[in-house]
Amino acid sequence: MPGSPRLVPAARPVSCGTSARALLDVLTGKDAPRGRLPFDVPSSTEAVAASRPDVPFDTKDPLFRFGHGLAY
């Protein structure tokens, strides 16, 4: 439309702890994106309150277990 500002698509790359090379490998299709959880995801706030801070992976019936993840 004449006179209206153009919307330009933009990407804001965020590394989230990955190396630039790994990010480029995924973006160019050389490697597939994948990830695994480094912790249990509790199913409720009650499960968080019942867990002990000094014992890892003691969440009863977590929503997602340690190591759960996806690969494409």
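Procedures and definitions
- Residue numbering note: each chain is counted from 1, following its sequence as written.
- Thresholds applied to this predicted model are a pLDDT of at least 70 for local features of residues and 80 or more for the giving and counting of side-chain atom pairs; totals over whole chains, interfaces and linings are not thresholded and use all residues.
- Note that the side-chain values use all heavy atoms of the structure and ignore hydrogens as well as water.
- Secondary structure elements follow DSSP: runs of H or I no shorter than four residues count as helices, runs of E no shorter than two count as strands, and numbering proceeds from the N terminus.
- Each residue gets one of three labels from its accessible area relative to the maximum for its type: buried under 20%, exposed over 50%, partly exposed in between, using a 1.4 Å probe on protein chains only.
- Contact criterion: two residues are considered in contact whenever any of their non-hydrogen atoms come within 4.5 Å of each other.
- Salt bridges are identified by distance alone: a Lys or Arg side-chain nitrogen within 4 Å of an Asp or Glu carboxyl oxygen.
- Under the pairing criterion, centres of Phe, Tyr and Trp rings, with the six-membered ring standing for Trp, must be within 6.5 Å; the plane angle then separates stacked pairs below 30 degrees from edge-to-face pairs above 60, leaving the rest tilted.
- Positive charges are assigned to Lys and Arg, negative charges to Asp and Glu, while His and the chain termini are left out of the count.
- pLDDT is defined as a per-residue confidence score from the predictor, taking values between 0 and 100.
- Whenever two N or O atoms come within 3.5 Å, that pair is a polar contact, provided that in protein one can donate a hydrogen and the other can accept it, and provided that, for residues adjacent in sequence, both atoms are side-chain atoms.

> Would you explain the overall build of the chain in this entry?
Counting secondary structure elements, the chain contains two helices and two strands. In sequence order, the chain lays out its α and β elements as α-β-α-β. Within the chain, buried positions represent 7% of all 72 residues. A separation threshold of at least 6 residues defines the contact pool for the chain, and within that pool the share at least 24 residues apart is 47%.

> What's the story with the pattern of salt bridges in this structure? I'm lost.
In the structure shown here, the tally under the stated rule is three salt bridges. Arg 65 serves as the salt-bridge partner of Asp 40, at 3.3 Å between the closest nitrogen and oxygen. Placement of Asp 40 in the loop between strand 1 (34-36) and helix 2 (45-50) and of Arg 65 in the loop between helix 2 and strand 2 (69-71) is noted, with a sequence separation of 25 residues between them.

> Sorry if this is basic, but what is going on with the packing of aromatic side chains here?
On inspection of all chains with the given rule, the structure shows one aromatic pair. Plain terms: the ring middles of Phe 57 and Phe 66 are 4.7 Å apart, the flat faces sit at 55° to each other, and that makes the pair tilted.

> I'm lost on the side chain of Asp 25 in this one. Help?
Tracing the backbone shows Asp 25 in helix 1 (residues 20-27). The side chain of Asp 25 is buried and forms no salt bridge, while Lys 30, the nearest opposite charge, is found at 4.3 Å. If we ignore the near neighbours within four places in the chain, the residues touching Asp 25 are Lys 30 and Asp 31.

> How should I be thinking about the confidence of the model for the chain in this particular structure?
Note: predicted coordinates in regions of low pLDDT should not be interpreted at a detailed level. With 75% of its residues at a pLDDT of at least 70, the chain reaches an overall mean of 79. Considering each helix and strand of the chain separately, the mean pLDDT is smallest for strand 2, with a value of 77, and largest for helix 2, with 89.

> So what exactly am I meant to see when it comes to the environment of Phe 66 here?
Relative to the elements of secondary structure, Phe 66 occurs in the loop between helix 2 and strand 2. According to the relative accessible area criterion, Phe 66 is partly exposed, its value standing at 48%. Phe 66 sits 27 residues away from Phe 39 along the chain, and the two C-alpha atoms are 4.7 Å apart. Those residues in contact with Phe 66 that sit more than four places away from it in its chain are Leu 37, Pro 38, Phe 39, Asp 40 and Phe 57.

> What am I meant to see in the side chain of Asp 40 here?
We classify Asp 40 as buried; its relative accessible area is 10%. Polar side-chain contacts of Asp 40 include one of 3.3 Å to the side chain of Arg 65. Of note is the side chain of Asp 40, whose polar atom sits 2.6 Å from the backbone nitrogen of Phe 66. Residues contacting Asp 40, with those up to four places away along its chain left out, are Phe 57, Asp 58, Thr 59, Pro 62, Phe 64, Arg 65 and Phe 66.

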